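Close look at the chain arrangement
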Amino acid sequence: MSNLEKDPREQSCGAQPAAETVTELLEPRKVWLGKTTQVRRLLPHKERRMVGAWCFVDHYGPDDVRELPGQHRGMWVPPHPHTSLQTVSWLFDGEVLHRDSVGSEALVRPGELNIMTAGPGIAHSEESPGVRAPMLHGAQLWVALPDGALDTVEPSFDQYADLPRLDLDGVRGTVMLGEVAGVVSPATTYTPLVGADLSIDPAGMVPLTTAFEYAVLVVDGPVRVEQQSADRGEMVYLGQGRESFGLSGPGRVLLLGGEPFAEEIVMWWNFIGRSHDEIVAARNEWMAGLSGGSTDRFGVVRGFDGDPLPAPEMPHTQLKPRGRTR
Ligand code: MN
């Protein structure tokens, strides 16, 4: 997924004070991705920039993506770059065709983890395939890479079709990343992190790691998260220091958590950097590639029927990593 906002504002993340055990309802913000897909953006949020290293959370659908004569429907996101992050594509219904500049062409399907690691730079496209299910429902998530990984992590794409299952009393699901209740995902993360897709019927408790902060995105609801009721597309931030939390359904949620991310980062458009100058350099290299210059950093996405996305103009102000959540 790309950030296709016409005038993306600077987003500063990181360097949060230690979180406490809280229960905060975060309302989504509606954002158009091009002309075909509207998403509900939960992170970055004006009340909270990150949850662990999770720094971007879009929830979309369920949308009817059947083709109509003369009308393109479904996802259509042309090639665009990323730096210093991992993208996690997670579907509840439907399919998305992913292509990237390390040569991957993969069909993203429900219940399978598709994780793309940008390292210094990668480019990808995402579109609804020609033959597809009528409905599309999913989440697009970004994980910030820590300083220590920036010089050593190579661009890559990994698909995990067979993830471990979690079977608790009243809560069942799939562990996408990290570990829940001793069930461990095989996927690589670069900070202590967790992501799980949980179905609730009718209610249950989920064990947590006290050093992590957590948030719960409601996929199908309404549900109760601890004492907070929340509907589809809303998120409940749970803070840090809990040994477990309660879910009441029936419903479905994504559990996202991790160690509070200590570093300051700048997010602008599809880039993460540590400074204004890093963002400017990434933008310049992407734009040079579009006009026939060097594309060594981001490579080329082959097979997509359309032009890559140009980056928006830089803002006139200096981008600064700020150290607060809000
Ligand atoms: Mn993307």
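Here is a short report on the structure shown in this document. (Residues numbered from 1 in each chain as written. Predicted model: local features only at pLDDT ≥ 70, side-chain atom pairs only at ≥ 80, totals over all residues. Heavy atoms only, no water.)

Concerning the sheet that holds strand β9 (residues 105–108)
With antiparallel pairing, the 4 strands of this open sheet are ordered in space as β6-β11-β8-β9. Both outer strands of the open sheet, β6 (76–82) and β9, are each paired with one neighbouring strand and no more. Within this sheet the neighbouring strands show an average axis-to-axis angle of 20°, counted without direction. Bridge count between strand β8 (residues 96–100) and strand β11 (residues 122–127): 4 bridges; the pairing is antiparallel. Residue pairing in the sheet places His98 in a bridge with Glu126 of β11. (Pairing = 2+ DSSP bridges. Helix = DSSP H or I, 4+ residues; strand = E, 2+ residues; numbered from the N terminus. Axes fitted to C-alpha atoms, helices over the stretch in contact; angles between N-to-C directions.)

Comments concerning the pairing of strand β25 (residues 251–258)
When a strand is regular, its side chains alternate between the sheet's two faces. Judged by how many residues are buried, β25 sits mostly within the fold: 7 of 8 residues are covered. Across 8 bridges, strand β18 (residues 193–200) lies against β25 in antiparallel orientation. Pairing of Ile200 across the sheet is with Gly251, part of β25. Pairing between strand β20 (residues 213–220) and β25: 7 bridges, direction antiparallel. Considered in β25, the bridge of Leu217 is made with Leu254. (Buried < 20%, exposed > 50% of the residue type's maximum accessible area, 1.4 Å probe, protein only.)

So, empty space enclosed by the protein
The tally for this structure, following the rule as stated, stands at 2 cavities of 30 Å³ or more. Approximately 40 Å³ is the volume attributed to the second largest cavity. Lining the second largest cavity are Tyr60, Met75, Ser89, Trp90, Leu91, Val96, Val108, Glu126, Ala139 and Gln140. Within the residue set of the lining of the second largest cavity, elements represented by two or more residues are β7 (85–93) and β12 (135–144). For the lining of the second largest cavity, the element with the highest residue contribution is β7, accounting for 3 residues. Residues that form the lining of the second largest cavity fall into these classes: 7 nonpolar, 2 polar and 1 charged. (1 Å grid on protein atoms, 1.4 Å probe; cavity = no way out; pocket = protein on both sides within 12 Å on 5 of 7 lines; lining within 4 Å. Points joined across faces, edges and corners; volume = space filled by probe spheres on them. Nonpolar A, V, L, I, M, F, W, Y, C, P; charged D, E, K, R; others polar.)

Side note on the packing of aromatic side chains
Counting across every chain of the model gives 6 aromatic pairs. Between Phe271 and Phe298 the ring centres are 6.1 Å apart and the planes differ by 40°, which places this aromatic pair in the tilted class. Here Phe271, found in strand β27 (residues 271–273), pairs with Phe298, found in the segment after α2 (276–290); they are 27 residues apart in sequence, far enough to count as distant. Of the two residues, Phe271 and Phe298, neither departs from the other in class, the shared state being buried. Relative to Phe298, the ring of Trp286 lies with its centre 5.7 Å away and its plane at 90°, an arrangement referred to as edge-to-face. Residue Trp286 is found in helix α2, and its partner Phe298 is found in the segment after α2; the two are separated by 12 residues along the sequence. Both residues of the pair, Trp286 and Phe298, belong to the buried class. Here a set of aromatic residues connected by ring pairs shows up, and it is made of Trp269, Phe271, Trp286 and Phe298. Just above the ring of Tyr237 sits the side chain of Arg48; from NZ or CZ to the centre is 3.6 Å. (Phe/Tyr/Trp six-rings, centres within 6.5 Å; stacked < 30°, edge-to-face > 60°. Lys NZ or Arg CZ within 6 Å of the ring centre and 35° of its normal.)

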